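A closer look at the structure
Chain by chain, the residues run as shown.
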Amino acid sequence: MYWYAMESHDIRHNLATEQYLMNNKKFDEPLVLFYYEGPCIIVGRNQNTLEEINQKYVEENNITVTRRLSGGGAVYQDLGNLCFSFVVDSDSEEFGDFKSFVQPVVDALHAMGATTAEVSGRNDILVDGKKFSGNAMYSHSGKTFSHGTLMLDVDQDVIAHALNVPEDKMKSKGIKSVRSRVTNLKPYLAPEYQNLTVPEFRDTLLKELFHVDNLDDIAAKKVEIKDDEKAAIDKIYNDYYSNWDWVYGNSPEFTVKKRKHFTAGTIDARLLVDGGKIKNIKFYGDFFGPSDVTELADKLEGVRYDREHVGEVLNSVNSQLYFNGIDVQDVVDLLVE
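Residues numbered from 1 in each chain as written. Predicted model: local features only at pLDDT ≥ 70, side-chain atom pairs only at ≥ 80, totals over all residues. Heavy atoms only, no water.

The protein chain goes by lipoate--protein ligase in an unreviewed UniProt entry, where it is assigned to Levilactobacillus tongjiangensis.

Written out as structure tokens, the structure is:
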């Protein structure tokens, strides 16, 4: 088995590296990757990004949002989480057989004291019945990767806010995330492992996976990435993981209902969003204004459905012509929060 520990703490760059190594490197043995990153949310390939994230909280807390190639649900990660990925020939493992992929990691965790860790359900790893790892899989051109999370010491308070979207506000045909009872792995490790940093935890796992006492013993198995390969990875980063069209534009069509009573009247907005952009919007309510509100609706059609772009439109017109007595920022908040 070969291995590579990524240096970047940007989830978008790490996913680009994973994709490049899978599609462009030839290996005569399986490859295991490890990476960890700053606060981020990664939605599954078939999900509606806006339906999975608390957009206002994400923006206010500078949480990176991206979409991965594999299916499954949205996950939150920070520097207290370690990701792993196994890359193999597609004919060496059955697609969907998560247990075969993750069992070596589970065995390593048993050796570190987490003896109740077990693969459960379709794609989770649990400890004492609580989830600390979710896994997803992707195949392309004869290769398959299975990647997963290991919540060592993640800020769980952030998870509750960043992934909390009221179900009655947005409806689509995207694959919904299943919220599970989650826990950090740290308290379940043997005492000598409970103070490990994430890099130390990663290195300990590597030594357990390779059955060595020192990483120098497996230096020959470490993958090297050359400068021209780094340029190719940067291109994948730009084309996919930091590209709005991939992250938001690939979302399926969905509907949004927003309603709020203001002193000057009630606004009831109904939106149809497709590919991350407003396809249709209608305003109802008992608000007043000298101009026909359909004029504003027409201006919003085709606009990206986010605070920046909706705000640009509303601030470019005299909103009092449509919603007299209601502050323009309150209208922006209503539409995008």
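Let us keep going from here.
**As for the sheet that holds strand β4 (residues 64-67)**
Pairing is mixed in the open sheet, where three strands are placed in the order β4-β3-β5. The open sheet has two free edges, formed respectively by β4 and β5 (75-77), since each of these has just one partner strand. Going from strand to strand, the sheet's axes swing by 20° on average, the running direction of each strand aside. By the bridge criterion, three bridges tie strand β3 (residues 40-43) to β5 in an arrangement that is antiparallel. The partner of Ile41 across the bridge, within β5, is Tyr76. Against the sheet, helix α1 (residues 11-24) makes contact with β3, β4 and β5, and its axis sits at roughly 25° relative to β4, the strand it touches most. (Pairing = 2+ DSSP bridges. Helix = DSSP H or I, 4+ residues; strand = E, 2+ residues; numbered from the N terminus. Axes fitted to C-alpha atoms, helices over the stretch in contact; angles between N-to-C directions. Contact = heavy atoms within 4.5 Å.)

**Quick word on the packing of aromatic side chains**
Evaluated as defined, the whole model comprises nine aromatic pairs. Taking 5.3 Å as the distance between ring centres and 65° as the angle between the ring planes, the aromatic pair formed by Phe283 and Phe323 counts as edge-to-face. A residue pair is termed long-range when its members are at least 10 positions apart, and Phe283 in strand β14 (residues 277-285) and Phe323 in the loop between α10 (307-315) and α11 (328-336) qualify at 40 residues. Side by side, Phe283 and Phe323 carry an identical accessibility label, which is buried. Measuring from centroid to centroid gives 4.9 Å for Phe287 and Phe323, while their planes differ by 70°, and the two rings are edge-to-face. With a gap of 36 residues between them, Phe287 in the loop between β14 and α9 (294-300) and Phe323 in the loop between α10 and α11 connect regions that are remote in the sequence. On the basis of relative accessible area, Phe323 is assigned to the buried category, the value being 0%. Members of the aromatic cluster, connected to one another through ring pairs, are Tyr240, Tyr241 and Trp246. Against the face of Tyr2 rests Lys221, its NZ or CZ located 4.8 Å from the ring centre. (Phe/Tyr/Trp six-rings, centres within 6.5 Å; stacked < 30°, edge-to-face > 60°. Buried < 20%, exposed > 50% of the residue type's maximum accessible area, 1.4 Å probe, protein only. Lys NZ or Arg CZ within 6 Å of the ring centre and 35° of its normal.)

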